[in-house]
Amino acid sequence: MIQRIKRRGGFAVAVTAGLLAASFGGDASAQTYKLMTGPQGGVWVPLGGTLKAMFEKAIPGSTVQTLPGAGIANVKGVQEGKADFGFGNSISTVDAVNGKPPFTEKATNVCQIANLYPQYFQVVVLADSGINKIEDLKGKAIAVQTRGNTAEAISQHILQAHGLSYDAMGKVNFMASYNDAASLLKDGHAQVFTLGTTIPAASVMDLASARDMKLIPITDEGLAAMKKINAGYNKVIVPAGTYPKQDKDLPVIGYSTHFITQCKLPEDKIYAVTKAMATQIADLAAVNKAMAKMTAKEMAEDIGVPLHPGAAKYYREVGALK
């Protein structure tokens, strides 16, 4: 098959010629679902593999194609019909639904399937970098994600909240993956990198195996400034011992990961995948233990993104939604 790369809105989506004709309305054996995950080194990639197997079993004859993505890019992909499913971050998806930057118009084809787990925005620095607070990032070489990644947008926000910007950095590296960003610190080409994912992050653990590192905590003043930028930000705690030589709890910026789909997709298909997720939480928790105690009621909580009718039907059946 011929592979093409289409670019729109700052992100790339791989499209396999011949699969585009597949639709939800056709024969089950011809259905192909596209699921956007995240950057390498984050938990969305392995979770996407688990959901692929789960969904293909829930909808017999279907095929799920996982694609690289990021929080903002995934919302755009679902909105524009480039993807059927995707992981999202509560803060950026709510901005999309309301048509706030970095989105230029309201997202009308993005619906909620489930809340999943908390995300931790981590500012990782080399222990010998001389960086002890966000203000100390001035003049340093920083590695952030590519445009379209929620963590990249948060990186701008956290700098803004502390009177800084990319212009104040010694150098800004836009990296395609968390692993690549960590490698820059390993090699001494950067002193700090940012990421938004679960804890402990594999890329951070990999860095810690080669260099002494630490996380920079958020202060109450910094959190208040961040909430003025986006009310969805909150404080979460990285427990002591999460990373090597971390001897105390550290507060960082938090937000929620959730799972989205096109609003226009058929109710029965979304009902099937919602049920599959809610009844196989143990399989998801095997990839991300933060989901081990997840319940259908928590999955159904309103975060400001419209719930897909198929998901709502399942949650009502099990009493998770009135």
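Residues numbered from 1 in each chain as written. Predicted model: local features only at pLDDT ≥ 70, side-chain atom pairs only at ≥ 80, totals over all residues. Heavy atoms only, no water.

### A look at the state of the cysteines
- Going through the model one piece at a time under the given rule, you end up with 1 disulfide.
- In this model Cys111 forms its disulfide with Cys263; the gap between the sulfur atoms is 2.1 Å. Judged by the sign of its S-S torsion, about 105 degrees, the cystine formed by Cys111 and Cys263 is right-handed. Of this pair, Cys111 sits in strand β6 (residues 110–126) while Cys263 sits in the loop between β12 (250–262) and α8 (267–279), placing them 152 residues apart in sequence.
- Judged by relative accessible area, Cys263 falls into the partly exposed class, the value being 23%. (Disulfide = S-S within 2.5 Å. Helix = DSSP H or I, 4+ residues; strand = E, 2+ residues; numbered from the N terminus. Buried < 20%, exposed > 50% of the residue type's maximum accessible area, 1.4 Å probe, protein only.)

### Focus: the layout of surface pockets
- When its volume is computed, the largest pocket comes out at roughly 450 Å³.
- Taken together, 26 residues make up the lining of the largest pocket; nearest its centre are Ser90, Ile91, Asp95, His157 and Asn230.
- Residue assignment for the lining of the largest pocket shows that the elements contributing at least two residues are α2 (71–79), α3 (90–98), α4 (150–161) and β12.
- With 5 residues, the single largest contributor to the lining of the largest pocket is α3.
- Taken together, the residues that form the lining of the largest pocket break down as 10 nonpolar, 11 polar and 5 charged. (1 Å grid on protein atoms, 1.4 Å probe; cavity = no way out; pocket = protein on both sides within 12 Å on 5 of 7 lines; lining within 4 Å. Points joined across faces, edges and corners; volume = space filled by probe spheres on them. Nonpolar A, V, L, I, M, F, W, Y, C, P; charged D, E, K, R; others polar.)

### Some remarks on empty space enclosed by the protein
- Inspection of every chain in the model, using the stated rule, returns 4 cavities of 30 Å³ or more.
- In this structure, the largest cavity spans a volume of roughly 100 Å³.
- As for the largest cavity, its lining consists of 15 residues, and the residues nearest its centre are Pro39, Trp44, Gln119, Tyr178 and Gly196.
- Broken down by secondary-structure element, the contributors of at least two residues to the lining of the largest cavity are α4 and β9 (192–197).
- Classifying every residue of the lining of the largest cavity by side-chain character gives 7 nonpolar, 8 polar and no charged.
- The space that makes up the second largest cavity amounts to roughly 70 Å³.

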